[in-house]
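Here is how the chains run, residue by residue.
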Amino acid sequence: MEKIVIDGGRPLHGSIRCSGAKNAALPILIATLLAPGEHRLTNVPELADTSSTLSLLGRIGCPSLVQGSVRLDTTRIAFCEAPYDVVRKMRASVLVLGPMLARCGEARVSLPGGCAIGTRPIDQHLKGLEALGCRFELEGGYINGIAHDLKGAEIHLDMPTVTGTENILMAAVLARGTTRIHNAAREPEVVDLVHFLQNLGAKITGEGTSTLTIEGVPRLWPASRPYSIVPDRIEAGTYLCAAAIAGGDVEVTGCAPQLLEASLHKLREAGCHVEVGETSVRLRRDTPLRSFSARTEPYPGLATDMQAQLMAVATVAAGTSRIEETIFENRFMHAAELTRMGARIQHVGRLATVEGVEALKGAQVMASDLRASAALVLAGLAAQGLTEVLRIYHLDRGYEDLVGKLRGVGARIVRAPDTTDTDAMIEALDAADRADVSPEEEMAAGAPVSS
Ligand code: EPZ
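A.B. asks: I'd like to hear about the layout of surface pockets, residue by residue, with values.
C.D. replies: In this model, the second largest pocket occupies a volume close to 280 Å³. Forming the boundary of the second largest pocket are 15 residues, of which Arg-285, Leu-289, Val-316, Val-357 and Glu-358 lie nearest the centre. Here the lining of the second largest pocket is composed, by residue class, of 10 nonpolar, three polar and two charged.

Spelled out as structure tokens, the structure:
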């Protein structure tokens, strides 16, 4: 097992390239099941979750090749099953339900169970699929589904569930007749899935609005050209929060600024100077942070996946910030760990108040879920002394080369085995600093330049 070690207190300077969106890549990789043949995808982030998805697809008979781009051959499906050992590690595997039922007429998928941030039921997924004619039985923690004749329907979701919308959408594209999904999720990752499906020949309108209309077609075909995954707005927002909390001047490139407006608004409210380009966002912060209020909401509101990172920023913002989490019932797990670093956070139910402190102090802290771990890394960047973030397998699920990207803008940060002691950690940090010094910088510092 590894940990991330950060020696905080350094402002960040430079640029970070944004990767493709995890929450678009996962449904799109799975959507290839709807169109037998060879698919090519580009800008797929290299993450634990994307490799878990590719290995799940491999287990059901669809081999893939990752060489920069991702090639996936879904000509044959040998098993229509997503086993417990895969689903318990990655809830998004339940997204195979819709495509398997649409293509094979059957599916056996483990119930995902809860996770750190909430119970996360899938009742809306099943209700929508049943409206299309699917029938389910629950047996031994698995959902056994059959669908002999999918027929279009009017579907009303109780809440704009992201993967619920995606699961139902991926079945409706091959159903007979018209389906309308009301109260559909409007997230950019859902829009990206719609665009990918349209490239396969699906007839869908209303993407980005609360009503998706799907005219079912008899079959879909692999697109004639590679599909590029939309940039990750949460990753981009995370690195902008890093610059906000550590101070400095960071530009995130290769992103889609229009998709993270709600987060940019919060960072401006906190006193950061934010410049938006065509495909980049630059954040400068050289004055003290100011407290702010934030409330998470479905898109285009403030993303729940940005809540933990903004809370980290709030811990060192002068005044009292208020953060309300309206999407998940237990998404303040990072608060207790931030408190161990000297943050002053109270939370009751879904409302947290954060009283800004002068400075955080480095400590050993435990990651609990993907975005909470990112928040702890951000806090470490600003803290005095060493911070060790444990259980970083959570981070590897959703951030491509986070240590490398932060090192690239001057953070003193390394990955190290869990058992590494303090001296060895400092040695590793120094070695990383030396490794990152370019020959020009070394010459300027007076050291002999190696030949
Ligand atoms: C997606 O999860 C994302 N994951 C999450 O990102 C993200 O936090 C979430 O949407 C909200 O934006 C992927 O896209 C792979 P929901 P999802 O269904 O679809 C309740 C990350 O960090 N609900 O929109 O599982 C649910 O309990 C992850 O990248 C039901 O009650 O979220 C929650 O309270 C974390 N019944 C709310 O709706 C259902 O059938 C929203 O959940 C479905 C959902």
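More follows now that the structure is in view.
A.B. asks: Lay out the nonpolar core in plain terms, naming residues and giving numbers.
C.D. replies: Of all hydrophobic cores here, the largest spans 76 residues; its most connected members are Leu-169, Val-173 and Leu-197. If you tally residues by element for this core, the top one is helix 1 (residues 22-31), at seven residues. Both of domain 1 (2-19 + 231-418) and domain 2 (22-228) provide at least three residues apiece to this core. Apart from the residues lying within four places of it in its own chain, the contact partners of Leu-197 are Ala-31, Leu-34, Leu-169, Met-170, Val-173, Ala-202 and Ile-204. If you look at the next biggest cluster of nonpolar residues, it comprises 74 residues, including Ala-335, Ala-375, Val-377 and Tyr-399.

A.B. asks: Can you break down the sheet that holds strand 17 (residues 280-285) residue by residue, with the values?
C.D. replies: Strand order in this open sheet of four strands is 2-15-17-16, and the pairing throughout is mixed. Strands with a single pairing partner mark the edges of an open sheet, and in this sheet they are strand 2 (12-17) and strand 16 (273-276). Strand-to-strand, the axes of this sheet are offset by a mean angle of 10°, without reference to chain direction. As judged from the six bridges shared by strand 2 and strand 15 (residues 248-253), these two strands associate in the parallel manner. What sits directly across from His-13, in strand 15, is Asp-249. Most of the contacts of helix 8 (residues 233-246) go to strand 17, to which it runs at about 15°, and overall it touches strand 2, strand 15 and strand 17.

A.B. asks: A description of helix 8 should follow, citing residues and the corresponding values.
C.D. replies: The end-to-end C-alpha separation of helix 8 is 20 Å, in line with the 20 Å expected for 14 residues at 1.5 Å each. Taken across its 14 residues, helix 8 has 14 buried, putting it largely inside the fold. Where helix 8 begins, the side chain of Asp-232 points an oxygen toward the backbone nitrogen of Ile-234, at a separation of 2.9 Å. One or two residues past the end of helix 8 sits Gly-247, with phi positive at roughly 85°.

A.B. asks: Go over the domain arrangement of the chain with me, naming the residues and quoting the values.
C.D. replies: Segmentation of the chain into domains returns domain 1 (2-19 + 231-418) and domain 2 (22-228). Each of domain 1 and domain 2 has a C-alpha centre, and the two are 30 Å apart. Summed over both sides, the interface of domain 1 with domain 2 buries roughly 1800 Å², with 53% coming from carbon and sulfur. Among the residues of domain 1 in contact with domain 2, Tyr-299, Arg-397 and Glu-400 are the three that bury the most area, contributing 32% of the side total. For Asp-49, the salt bridge is made with Arg-397, and the minimal N-O distance between the two is 2.8 Å. The interface formed by domain 1 and domain 2 includes eight residue pairs in polar contact (both at pLDDT 80 or more).

A.B. asks: Give a description of unusual backbone geometry that names residues and reports values.
C.D. replies: Between Tyr-299 and the following residue, Pro-300, the backbone shows a cis peptide bond with an omega angle of 10°. Note on placement: Pro-300 falls in the loop between strand 18 (293-295) and helix 10 (307-314). In the Ramachandran plot, Asn-43 falls in the positive-phi region, its phi being about 60° despite a non-glycine side chain. Looking at the secondary structure, you find Asn-43 in the loop between strand 3 (38-42) and helix 2 (48-59). According to the relative accessible area criterion, Asn-43 is partly exposed, its value standing at 32%. Positive phi values are uncommon outside glycine, yet Asn-183 reaches one of about 65°. Its location among the elements puts Asn-183 in the loop between strand 11 (178-182) and helix 7 (188-199).

A.B. asks: Please provide a residue-by-residue account of the sheet that holds strand 6 (residues 81-82), values included.
C.D. replies: By way of backbone hydrogen bonds, the strands of a sheet pair with one another, either parallel or antiparallel. Spatial ordering of the open sheet is given by 6-7-9-8, a layout of four strands whose pairing is mixed. With one partner strand each, in any of the chains shown, strand 6 and strand 8 (135-139) form the two edges of the open sheet.

A.B. asks: Help me get a handle on the site of the ligand, residues and values and all.
C.D. replies: Neighbouring residues of the ligand: 20 residues in total, closest Gln-124, Thr-161, Thr-163, Asp-305 and Ile-327. Contacts to the ligand include Gln-124, whose backbone N or O atom sits 2.7 Å from an oxygen atom. Note that an oxygen atom of the ligand is positioned 2.9 Å from one of the side-chain N or O atoms of Arg-371. Relative to its free-state accessible area of 820 Å², the ligand is covered by the protein chains to the extent of 87%. Mapped by element, the contributors of at least two residues to the shell around the ligand are helix 1, helix 5 (123-131), helix 6 (162-172) and helix 12 (370-382). Here the shell around the ligand gets three residues from one element, more than from any other, and that element is helix 5. When the residues that make up the shell around the ligand are grouped by side-chain class, the tally is eight nonpolar, six polar and six charged. There are two domains that each give the shell around the ligand at least three residues, and those are domain 1 (2-19 + 231-418) and domain 2 (22-228).

A.B. asks: With reference to specific residues and values, describe the state of the cysteines.
C.D. replies: By the definition in use, this model includes zero disulfides. This cysteine, Cys-134, is not joined by any disulfide, and Cys-104 carries the nearest cysteine sulfur, 12 Å off. Taking the relative accessible area as the measure of exposure, Cys-134 reaches 0% and is therefore buried.

A.B. asks: Can you tell me about the environment of Val-87, naming the residues and giving the values?
C.D. replies: With respect to the helices, strands and loops of the structure, Val-87 is situated in helix 3 (residues 84-87). Sequence-distant contacts of Val-87, that is, excluding residues within four places in its chain, are made with Ala-82, Ser-93, Val-94, Val-109, Ser-110, Leu-111 and Pro-112.

A.B. asks: Tell me about the packing of helix 10 against helix 12, residues and numbers included.
C.D. replies: Running from amino to carboxyl end, helix 10 crosses helix 12 at an angle of 25°, the nearest separation of the two axes being 7 Å. Taken together, the axes of helix 10 and helix 12 lie roughly parallel to each other. Our pair here, helix 10 against helix 12, has a crossing hand that is right-handed. Of helix 12, the residues touching helix 10 (which contributes Ala-308, Gln-309 and Ala-312) are Arg-371, Ala-372, Ala-374, Ala-375 and Leu-378.

Conventions used here
Numbering of residues starts from 1 in each chain and follows the order in which that chain's sequence is written. Given that the model is predicted, a residue must reach a pLDDT of at least 70 before its local features are reported, and side-chain atom pairs must reach 80 or more before they are shown or counted; all residues, however, enter totals for whole chains, interfaces and linings. For the side-chain quantities, the full set of heavy atoms in the structure was used; hydrogens and water were omitted. The way it works is a 1 Å grid over only the protein atoms, where trapped points that fit a 1.4 Å probe form a cavity and open points with protein on both sides within 12 Å along at least five of seven lines form a pocket, and then any residue with an atom within 4 Å of a point lines it. Grid points are joined across faces, edges and corners, and a volume is the space filled by probe spheres set on the points. Ten residue types, Ala, Val, Leu, Ile, Met, Phe, Trp, Tyr, Cys and Pro, are classed as nonpolar, four, Asp, Glu, Lys and Arg, as charged, and the remainder, Gly among them, as polar. To define a nonpolar core, start from buried Ala, Val, Leu, Ile, Met, Phe, Trp, Tyr and Cys residues and group those joined through side-chain atoms within 4.5 Å. Throughout this description, buried means an accessible area under 20% of the type-specific maximum (1.4 Å probe, protein chains only), exposed means over 50%, and partly exposed covers the range between. Counting from the N terminus, the helices are the DSSP runs of H or I reaching at least four residues and the strands are the DSSP runs of E reaching at least two. Each domain's limits were defined by an automated method or a database of domain assignments. Should any heavy atoms of two residues lie within 4.5 Å, those residues are counted as being in contact. Strands pair, by our definition, only if DSSP identifies at least two bridges between them. Under this scheme, a helix contributes an axis fitted over its contacting stretch, all axes are lines through C-alpha atoms, and angles between N-to-C directions fall in the 0 to 180 degree range. Take the residue count of a helix, subtract one, and multiply by 1.5 Å to get its expected span. N or O atoms within 3.5 Å of each other form a polar contact, as long as, within protein, one can give a hydrogen and the other can take it, and as long as residues adjacent in sequence are counted only when both atoms are side-chain atoms. By buried area we mean the combined loss of accessible area, with a 1.4 Å probe, across both parts when two parts are placed together. Between Lys or Arg on one side and Asp or Glu on the other, a salt bridge is scored when a side-chain nitrogen of the former is within 4 Å of a carboxyl oxygen of the latter. The nearness test applies per residue and asks whether one of its heavy atoms lies within 4 Å of the molecule or strand. The method behind every accessible area is Shrake-Rupley, applied with a 1.4 Å probe, and residues are considered shielded solely by the protein chains displayed. Any two cysteine sulfur atoms within 2.5 Å of one another count as a disulfide. The labels follow the angle: roughly parallel below 35 degrees, roughly antiparallel above 145, roughly perpendicular from 65 to 115, and oblique for the rest. By convention the crossing between two helices is left-handed if the near helix lies anticlockwise of the far one by an angle smaller than a right angle, and right-handed if it lies clockwise.

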